[in-house]
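Examination of the molecular architecture
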Amino acid sequence: MNTHNKFFKVKTLLLAMGVCSTALTHAQDVNPEIEQLRNEINELRQLLNQQTQQQQQQAVQLQNYQEEKAQHAAKDHLAQRGSLALTKGGAEISVYGNVRADLQYQIEGGPASRIYNQISTVALDGVNENSDNLKSTLSATRLGFDFKTPTQVGDVGGKLEVDFLGGSSLDTLRIRHAYLTYGNWLIGQTWSNFAPVDFMPEVVDALGFVGGSVKRTPQLRYTQKLNADTNFVYALEDPKDSSSDMRLPALTARLNHKIVDNLSLGARAMVTEKRTKADEQTAWGVGVGLKYDVTPTTTLKADYYHVNGDSSFVSWTNQGFVTDANNQILETNEFDSITLGITQQFNEKLRGTLAYGYMKADKNDRYINALADKTKANKDLWQAWGNVFYSPVKPLSFGVEYVYGEREAFGAAPNGSKTGEDNRVNAVAMYNF
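Below is a short write-up of the structure. (Residues numbered from 1 in each chain as written. Predicted model: local features only at pLDDT ≥ 70, side-chain atom pairs only at ≥ 80, totals over all residues. Heavy atoms only, no water.)

1. Topic: the overall build of the protein chain
Note the threshold: Going along the chain from the N terminus, every DSSP run of H or I of four or more residues is numbered as a helix, and every run of E of two or more is numbered as a strand. For the exposure calls, accessible area comes from a 1.4 Å probe over protein chains only, and a residue counts as buried if that area is under 20% of its type's maximum, exposed if over 50%, partly exposed in between. Residue contacts follow a heavy-atom distance rule, with two residues in contact if any of their heavy atoms lie within 4.5 Å.
Assigned secondary structure in the protein chain consists of three helices and 20 strands. For the protein chain, the residues scored as buried account for 38% of the 433 residues in total. Pairs at least 24 apart in sequence give 59% of the contacts found in the protein chain among residues at least 6 apart.

2. Comments concerning the environment of Gln104
Note the cut-off: Two N or O atoms form a polar contact when they lie within 3.5 Å of each other; inside protein one atom must be a possible hydrogen donor and the other a possible acceptor, and for residues adjacent in sequence the pair counts only when both atoms belong to side chains.
As for its position among the elements, Gln104 is in strand S2 (residues 92-109). It is 5.8 Å that separates the C-alpha atoms of Gln104 and Val425, two residues lying 321 residues apart in sequence. Sequence-distant contacts of Gln104, that is, excluding residues within four places in its chain, are made with Arg114, Ile115, Tyr116, Asn133, Leu134, Lys135, Arg424, Val425 and Asn426. Polar contacts involving the side chain of Gln104 include one to the side chain of Gln106, which spans 2.9 Å.

3. Focus on empty space enclosed by the protein
Keep this limit in mind: Put plainly, a pocket is an open set of points on a 1 Å grid over the protein atoms alone with protein on both sides within 12 Å along at least five of seven lines, a cavity is a set where a 1.4 Å probe fits but cannot get out, and a lining residue has an atom within 4 Å of a point. Grid points are joined across faces, edges and corners, and a volume is the space filled by probe spheres set on the points. Gly is put with the polar residues, along with every residue not named as nonpolar or charged; the nonpolar set is Ala, Val, Leu, Ile, Met, Phe, Trp, Tyr, Cys and Pro, and the charged set is Asp, Glu, Lys and Arg.
Enumeration over the complete set of coordinates arrives at two cavities of 30 Å³ or more. Lining the largest cavity, in full, are Trp316, Thr317, Asn318, Asn333, Phe335, Met359, Lys360, Ala361, Asn378, Lys379, Asp380 and Leu381. At the level of elements, strand S17 (350-361) and strand S18 (378-390) are the ones that each hand at least two residues to the lining of the largest cavity. Considering every element that reaches the lining of the largest cavity, the biggest residue donor is S18, with four residues. In terms of residue class, the lining of the largest cavity is made up of five nonpolar, four polar and three charged. The calculated volume of the second largest cavity comes to roughly 30 Å³. Taken together, Asp102, Leu103, Gln104, Ile115, Tyr116, Val204, Asp205, Asn426 and Ala427 make up the lining of the second largest cavity. Broken down by secondary-structure element, the contributors of at least two residues to the lining of the second largest cavity are S2 and strand S20 (419-432). Per-element accounting of the lining of the second largest cavity gives the leading share, three residues, to S2. Taken together, the residues of the lining of the second largest cavity sort by class into five nonpolar, two polar and two charged.

4. Focus: the environment of Phe433
Of note, Phe433 is situated in the segment after S20. Classification of Phe433 by relative accessible area gives partly exposed; the value is 42%. On a C-alpha basis, the gap between Phe433 and Lys394 in space is 9.6 Å, while along the polypeptide they are 39 residues apart. Those residues in contact with Phe433 that sit more than four places away from it in its chain are Val95, Tyr96, Gly97, Asn98, Val99, Arg142 and Leu143.

5. Here we look at the nonpolar core
What counts is decided by this rule: The criterion is simple. A nonpolar core is a set of buried Ala, Val, Leu, Ile, Met, Phe, Trp, Tyr and Cys residues joined through side-chain atoms within 4.5 Å.
Among the nonpolar cores identified, the biggest contains 14 residues, and Phe194, Val210, Tyr305, Val307, Val314, Met359 and Leu381 are the most heavily contacted of them. With seven residues, the next largest nonpolar core counts Val322, Ile368, Ala377 and Phe410 among its residues.

6. Topic: the packing of aromatic side chains
Note the cut-off: Side-chain rings of Phe, Tyr and Trp (the six-membered ring for Trp) are treated as a pair once their centres are within 6.5 Å; stacked means planes under 30 degrees apart, edge-to-face means over 60, and tilted covers the remaining angles.
Under the defined criterion, the tally for this structure stands at nine aromatic pairs. When the centroid spacing of 5.5 Å and the interplanar angle of 65° are considered together, the rings of Phe194 and Tyr305 count as edge-to-face. Placement of the pair is Phe194 in the loop between strand S7 (185-191) and strand S8 (216-227) and Tyr305 in strand S13 (residues 298-308), with a sequence separation of 111 residues. Exposure remark for Phe194: the relative accessible area of 0% places this residue in the buried category.

7. Comments concerning the pairing of S17
Put simply, the rule reads: Strands qualify as paired when DSSP identifies two bridges or more between them.
Here 11 bridges tie strand S16 (residues 334-345) to S17, and the two strands are oriented antiparallel to one another. The partner of Ile338 across the bridge, within S17, is Tyr358. Where S16 folds back onto S17 in an antiparallel hairpin, the turn is made up of four residues.

8. Describing unusual backbone geometry
Here the phi dihedral of Asp132 falls at roughly 55°; this positive angle occurs in a residue that is not glycine. Here Asp132 lies in strand S3 (residues 130-137).

9. Digging into the pattern of salt bridges
This is how the line gets drawn: Salt bridge criterion: a side-chain nitrogen from Lys or Arg within 4 Å of a carboxyl oxygen from Asp or Glu.
Counting across every chain of the model gives 18 salt bridges. As a salt-bridge pair, Asp365 and Lys363 come within 2.8 Å of each other at their nearest N and O atoms. A relative accessible area of 44% means that Asp365 is categorised as partly exposed. Its salt-bridge partner being Arg424, residue Asp422 comes within 2.9 Å of it at the nearest N-O pair.

10. Observations regarding a nonpolar patch on the surface
How we decide: A patch is a set of surface residues, each over 30% in relative accessible area and not in a salt bridge, joined within 9 Å for like charges and within 5 Å for the nonpolar side chains Val, Leu, Ile, Met, Phe, Trp and Tyr. Each accessible area value is a Shrake-Rupley result obtained with a 1.4 Å probe; residue values ignore everything except the protein chains displayed when judging cover.
On the surface, Val153, Val156, Leu180, Tyr182, Trp185, Ile187, Leu220, Leu236, Leu251, Val271, Trp284 and Val286 cluster together to form a nonpolar patch covering roughly 1000 Å² of accessible area. Assignment of secondary structure puts Trp185 in strand S7.

11. Structural notes on the side chain of Thr141
Tracing the backbone through its elements, the reader meets Thr141 in the loop between S3 and strand S4 (142-149). Within the local environment of Thr141, its side chain forms a polar contact with the backbone oxygen of Leu138, the two atoms lying 2.9 Å apart. When sequence neighbours within four positions are dropped, the list of residues in contact with Thr141 reads Asn98, Val99, Arg100, Val162, Asp163 and Phe164.

12. Concerning the side chain of Ser337
Turning to its location among the elements, Ser337 is positioned in strand S16. Apart from the residues lying within four places of it in its own chain, the contact partners of Ser337 are Gly211, Asp303, Tyr304, Tyr305, Val314, Tyr358 and Met359.

13. A word on the pairing of S4
Bridging between S2 and S4 involves seven bridges; their strand directions are antiparallel. Across the sheet, the residue bridging to Asn98 is Arg142, located in S4. The sheet contact formed by S4 and strand S5 (residues 156-166) spans seven bridges and is antiparallel. Residue pairing across strands places Asp146 opposite Lys159, the latter belonging to S5. From the end of S4 to the start of S5, which pair antiparallel, there are six residues, and Gly154 there has a positive phi angle of about 115°.

Following this line, the structure appears as structure tokens:
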């Protein structure tokens, strides 16, 4: 019943009782029983007053309870979304990241000053080799912010993520991701539409291994969703290719399709212009990736690229093109690369991966003969690795990895060697928040 109506009825009853009490006062000398009736009415009035006070207290308690419930619901909503607060501009903000410590023991391979994968430039056998080097860094420590602002025309989202892997000496702050989203549009820097990380087997090394790519580009992207299982993604990207005087952005396209619930495919294409002060050439590439959940705890991943004339999207490749003394483009590099791996989730705390990556350049004599140093361009590269990750509790993760790989150069060193090896152990400790 409505509280206002209750108060109105109680007041009416009290008024009627007051009138009756007055009348009884004048009539108390007429009949002694009337005095007794008046006392009973006074007792009833006290009881009604007590009931009215209790109802008022209950109404206040109910209102306080409803306000507290609404506050708790709002806090639960923010907790479920990972949101900590609202920004000055009214956006929901979610903070995430990790503290990451990497340790590497280089049995044989790259220069002592450099950590993480460098298979394409490891020393040739017997030529300034580096062995038995211990290296460590916290440069891959990451901090990220996700934003979302509801508007009358839909949500506007954004992301900002940084780490400290900038510069040749590391320990320099750099932007990983920085973009805004509105509807089907994305503007800013994130994973390349042509070289995503979706189909790379898991690694401990922060830069990945041969056959895959870790590439983030400034871009303008549009996603066209056909149905729940299929979408097309188109993007204009700045590949940040220092060897080319960019005039036009690269055009990339990607098809994402879920074939069945446990099998997904991603097909990509790329075309871009390579340009010098005196010449220009079209570079292009295609790629396809597969992810197959063999069982709920076993996953297979495979990724393939074929690229002609570009060295900016796929990692570890030779330079995309060579020029003469007049900056005329003489020839382009064409290559194929593939990576495949299997990941097994042994239990809630332990998982492991075995994988292999390979890259082979086409034998193009005109390209090879134009190279200033043939020992720095590779006929082929390969790496094989195995790792395990252990998470004793949710925020913590520890990983150890062994990797062995080789490169074969187009040209021989003075001692006749064409082969260099990468032989090392990687370890990582992460606190994810």
